[in-house]
Amino acid sequence: MNKIVLITGATSGIGLACARKFAENGDKLILTGRNEYRLDEIRKELEDKGTEVLILAFDVRDREKAKKYISGLPAKWQKIDVLVNNAGLALGLEPEYEGSLDDWETMIDTNIKGLLTMTRLIVPGMVERNSGHIINVGSVAGDAAYAGGNVYCATKAAVKALSDGLRIDVADTAIRVTNLKPGLVETNFSNIRFKGDEERAAKLYTGIKPLTGDDIADVAVYAANAPAHVQIAEVLILATHQASGSVIVRK
C-alpha cells in the first residue's frame, strides 16, 4: 500500500535521495526545506514521473511555522505514515574551546530541537492511528566524538538517545523507530560545514570512495517496507574503507 512520507531537509543530499527513492517506491511525498524554489523544482521533477507531492517551505528551527504548516495540512495529507527526520548540518571543525557560539546554536536548534519539533507534531497522530514509522538520520558521529566534531557529535548522540527513547515510548503500539547512522557521505554536507570552501570540502573525500545519498535512501526505504513485525531499530552505514568516525583509510 502506498504511504504518505514526510521528509525534512528534502532539497539536497540524503533528503533529496530519500524523496526520489520513496517516489520510486510509489509513495506520496510531503517535502520540507528552506528553499521554496528548489522544493518546487523537485516537486515538478517527481510529479512528471507520476508521484503526488506536497511542498512545505519552512525551517525546522522555526517552531511556529512548523506548527502552522503541519496543523494546516489538507485532509488527504494528514495521515502521515513515515516521518524522515533528515534536516541537519555540521558547522566548523574548530576545537571546542575555539568554536562559534552561533554555529553551535544553529546545529543544536536544527539537529536536536528541529527533530523534536517535527516528532512532537506528527507522532501523536501515528499513536492515535496505531500506525507509523519515524526514521531519524543520525550519524556515526553519534557513537563517538572525533577531532573537531565536539558539538556536532553531541547533537548526533542526542539523535540516538531520542530515537531510543521514542522507541521505548511507543513500544506498546505498532509504530516503529529507526536511527540511520551514516559515515562518510558525499553530499553538500562538507561544503556547508566549511562554509563554501569547496577545496577543503573535496579533501574530505580524497583517496576513498564515500557513500552517496542513494546508499542511505536505499536503507531508509528498506526499513520502511520491512514486514510489520520487523523493526529496523538502528543501522550503521559506512564506506568500505571507513571503520569508525575517526578511522578512514585513504588509498
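These numbers were taken from a predicted model, which means no experiment stands behind them. (Residues numbered from 1 in each chain as written. Predicted model: local features only at pLDDT ≥ 70, side-chain atom pairs only at ≥ 80, totals over all residues. Heavy atoms only, no water.)

J.: Got a minute to help me understand the packing of aromatic side chains in this structure?
T.: What describes a pair of aromatic rings is the distance from one ring centre to the other and the angle between the planes of the rings. On inspection of all chains with the given rule, the structure shows 1 aromatic pair. On the numbers, 5.4 Å between centres and 15° between planes, the contact of Phe58 with Tyr69 is stacked. Placement of the pair is Phe58 in the loop between strand E3 (53-57) and helix H3 (63-71) and Tyr69 in helix H3, with a sequence separation of 11 residues. In this structure Phe58 comes out as buried when scored by relative accessible area, which is 3%. Sitting above the plane of the Trp77 ring, Lys28 keeps its charged end 5.2 Å from the centroid. (Phe/Tyr/Trp six-rings, centres within 6.5 Å; stacked < 30°, edge-to-face > 60°. Helix = DSSP H or I, 4+ residues; strand = E, 2+ residues; numbered from the N terminus. Buried < 20%, exposed > 50% of the residue type's maximum accessible area, 1.4 Å probe, protein only. Lys NZ or Arg CZ within 6 Å of the ring centre and 35° of its normal.)

J.: Help me understand the pattern of salt bridges in this model?
T.: Any two side chains of opposite charge can pair, so long as their charged atoms come close to each other. Inspection of every chain in the model, using the stated rule, returns 16 salt bridges. One continuous salt-bridge network, built from bridges that share partners, spans Asp143, Lys160, Asp164, Arg167, Lys181 and Glu234. (Salt bridge = Lys/Arg side-chain N within 4 Å of Asp/Glu carboxyl O.)

J.: I keep staring at the environment of Arg129 and nothing clicks. Help me out?
T.: Positionally, Arg129 belongs in helix H4 (residues 101-129). Using a relative accessible area of 30% as the deciding quantity, one classes Arg129 as partly exposed. For the pair formed by Arg129 and Ala174, sequence separation is 45 residues and the distance between their alpha carbons is 9.2 Å. Excluding anything up to four places from it in sequence, Arg129 contacts Gln78, Lys79 and Ile80. In this structure the side chain of Arg129 is engaged in a polar contact, spanning 2.9 Å, whose partner is the backbone oxygen of Ile80. (Contact = heavy atoms within 4.5 Å. Polar contact = N/O pair within 3.5 Å; in protein donor to acceptor, adjacent residues only side chain to side chain.)

J.: I'm lost on the sheet that holds strand E4 (residues 82-85) in this one. Help?
T.: Hydrogen bonding along the main chain pairs the strands of a sheet, whether they run parallel or antiparallel. An order of E3-E2-E1-E4-E5-E6-E7 is seen for the 7 strands of this open sheet, with the pairing classed as parallel. With partners counted over all chains shown, the strands left at the sheet margins are E3 and strand E7 (234-237), one partner each. Each neighbouring strand pair of the sheet contributes to a mean axis angle of 15°, computed without reference to strand direction. Sheet analysis places strand E1 (residues 4-7) next to strand E2 (residues 28-33), joined by 4 bridges and oriented parallel. Pairing of Ile7 across the sheet is with Leu31, part of E2. Contacts from helix H5 (residues 150-169) reach strand E5 (133-137), strand E6 (176-182) and E7 within the one sheet, and its direction differs from that of E6 by about 160°. Contacting E4, E5, E6 and E7, helix H8 (residues 213-224) runs over the sheet at an angle of about 165° to E6. (Pairing = 2+ DSSP bridges. Axes fitted to C-alpha atoms, helices over the stretch in contact; angles between N-to-C directions.)

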